[in-house]
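Observations on chain architecture
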Amino acid sequence: MRYSEGAGLDTSKVRDLRGGGGRGGRGLAVGGGGLGLVGVLVLVLFQVLGGGSDGSGTGFTGLDGLGNGQTADNGALEQHCRTGADANDSVDCAVVADIESIEDFWSGVLGDTYLPTDTVFFSGSVDTSCGGATSGSGPFYCPADQLVYIDLSFFDQLQQQFGAQGGLFVNAYVIAHEYGHHVQNLLGTNRQVTPGETGPASGTVRLELQADCYAGTWANHAETVPDESGTPLIAEITEDDINRALDAAARIGDDFIQENLGGGTVDQDAFTHGSSEQRQRWFRAGYASGDPRDCDTFSTDDLG
């Protein structure tokens, strides 16, 4: 994956908390053995869906997504992430470019229906309107404050703990998946899901597979999505990039995690994100067509 060398980067869509860090607070429960990636993403999402849209069901309401004592400081990002050349050299800057490209894509698809949001970079722990979370949570989206949260060390964890090949496009796939949840929240898709429901054909799984598919639709258009200057931020996505994303999708499938990072037994009734094969299938579906209308996982009996 390569970014357009001369394209300008906009860091205003990131809230960088890494300097001050989070309070930690009453962190959400995280499963051991790598299961935190699955467990907390669902817990964060459905705590809110089970309560109020303001996050009142969680016992914590943040102010614009920041907890007490948390301060966003984008000074370092603004200094180091100026152009696509910086994105080619820095993971931080690459994620900045990914966010801008993904938002430009969805703004073009949904028009006024799309409300831009920010991504919060944190380190260690963070307080949100969905409650507290730690780095072990993996990346997540909080509907109550409509923000994406990520500790960028997750990308290292994905390779070291999950065995993924990794790479800049894998990172972009992860971010695009989370923005897929933002789209679902804006469209009201998450209201089709019963809080806490699990299983291979559950609404929970359908929501996650649709987010994978949405990530694929963005990837299909990524090389042509223009920024405000009319220049695409992303210059090239290769077949190797797509294969790496599919490899990552397989390694965060419920069956892979249960078998290789959990107790060794696959329990489909506990599925929350879909199997490795399903996650690959729906990313491929979105990437092949580039049309979000082909991502309706809720009206099919065949999830893969």
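Quick look at the structure, then. (Residues numbered from 1 in each chain as written. Predicted model: local features only at pLDDT ≥ 70, side-chain atom pairs only at ≥ 80, totals over all residues. Heavy atoms only, no water.)

Section: the packing of aromatic side chains
As enumerated under the stated definition, the model contains seven aromatic pairs in all. Geometrically, the ring pair formed by F105 and W106 is edge-to-face, given 5.0 Å between the ring centres and 65 degrees between the ring planes. W106 carries the same exposure label as F105, and that label is buried. Both rings, one in F169 and one in W218, keep their centres 6.3 Å apart while their planes meet at 10 degrees; by these two values the pair is stacked. (Phe/Tyr/Trp six-rings, centres within 6.5 Å; stacked < 30°, edge-to-face > 60°. Buried < 20%, exposed > 50% of the residue type's maximum accessible area, 1.4 Å probe, protein only.)

Observations regarding unusual backbone geometry
One non-glycine residue, Q146, adopts positive backbone phi at about 55 degrees. A relative accessible area of 27% places Q146 in the partly exposed class.

A short note on the environment of R293
If you trace the backbone, R293 turns up in the segment after α10 (276-289). With a relative accessible area of 70%, R293 lands in the exposed category. Between the C-alpha atom of R293 and that of T217, which follows or precedes it by 76 residues, the distance is 9.6 Å. At 2.9 Å, the side chain of R293 and the side chain of D291 are in polar contact. (Helix = DSSP H or I, 4+ residues; strand = E, 2+ residues; numbered from the N terminus. Polar contact = N/O pair within 3.5 Å; in protein donor to acceptor, adjacent residues only side chain to side chain.)

Section: the pattern of salt bridges
All told, the structure shown has eleven salt bridges when counted by the stated rule. Here D302 makes a salt bridge to R281, at a shortest N to O gap of 3.1 Å. Of this pair, D302 sits in the segment after α10 while R281 sits in helix α10, and the two are 21 residues apart along the sequence. Taking relative accessible area as the criterion, R281 reaches 32% and is therefore assigned partly exposed. When the shortest N-O distance is used, the salt bridge between D291 and R293 registers 2.9 Å. Through salt bridges with shared partners, one network takes in K13, R15, E103 and D118. (Salt bridge = Lys/Arg side-chain N within 4 Å of Asp/Glu carboxyl O.)

Some words on the packing of helix α8 (residues 239-251) against α10
The contact between α8 and α10 brings their axes to 7 Å, and the two run at 145 degrees. Like other packed secondary-structure pairs, α8 and α10 cross with a definite hand, here right-handed. Across the interface between the two elements, I242, A245, L246, D247, A249 and A250 of α8 pack against S276, R279, Q280, F283, R284 and Y287 of α10. Across the contact of α8 with α10, the residue classes tally to seven nonpolar, two polar and three charged. (Axes fitted to C-alpha atoms, helices over the stretch in contact; angles between N-to-C directions. Left-handed = near helix turned anticlockwise from the far one by under 90°. Contact = heavy atoms within 4.5 Å. Nonpolar A, V, L, I, M, F, W, Y, C, P; charged D, E, K, R; others polar.)

Describing the nonpolar core
Of all hydrophobic cores here, the largest spans 62 residues; its most connected members are M1, L9, L158, F169, Y173, W218 and F283. Secondary structure elements with two or more residues in this core: α4 (91-110), β7 (147-150), α5 (154-160), α6 (168-187), α7 (203-221), α8 and α10. In this view, F283 contacts F169, Y173, D212, C213, A215, G216, A219, I242, A245 and L246; residues no more than four positions away in its chain are not counted. In this structure, L17, F122, C130 and A133 belong to the second largest nonpolar core, which totals eleven residues. (Core = buried A, V, L, I, M, F, W, Y, C linked by side-chain atoms within 4.5 Å.)

Some thoughts on the state of the cysteines
Tallied over the entire structure, the rule returns three disulfides. The disulfide that involves C130 links it to C142, with 2.0 Å between the sulfurs. Taking the sign of the S-S torsion, 95 degrees for the link of C130 and C142, the bridge is right-handed. Remark: C142 occurs in strand β6 (residues 140-142) and C130 occurs in the loop between β4 (125-128) and β5 (131-134); sequence separation between them is twelve residues. The class of C142 is buried, set by a relative accessible area of 0%. Across a sulfur-sulfur distance of 2.1 Å, C213 and C295 are joined as a disulfide pair. (Disulfide = S-S within 2.5 Å.)

Structural notes on the sheet that holds strand β2 (residues 14-16)
If you trace the four strands from one edge of the open sheet to the other, you get β2-β3-β7-β6, paired in mixed fashion. Each end of this open sheet is capped by a strand with a single partner; those strands are β2 and β6. Put simply, the sheet's adjacent strands are angled 25 degrees from each other on average, direction ignored. Pairing of strand β3 (residues 119-121) with β7 involves three bridges; the strand directions are parallel. The residue of β7 that forms the bridge with F121 is I150. Relative to the sheet, α6 contacts β3, β6 and β7, its axis offset from that of β6 by approximately 25 degrees. (Pairing = 2+ DSSP bridges.)

Notes on the pairing of β7
Judged by which residues are buried, β7 turns out to be covered on both faces: L147 and Y149 on one side and V148 and I150 on the other are all buried. Between β6 and β7, which pair antiparallel one after the other, the connecting turn spans four residues, and Q146 there sits at a positive phi close to 55 degrees.

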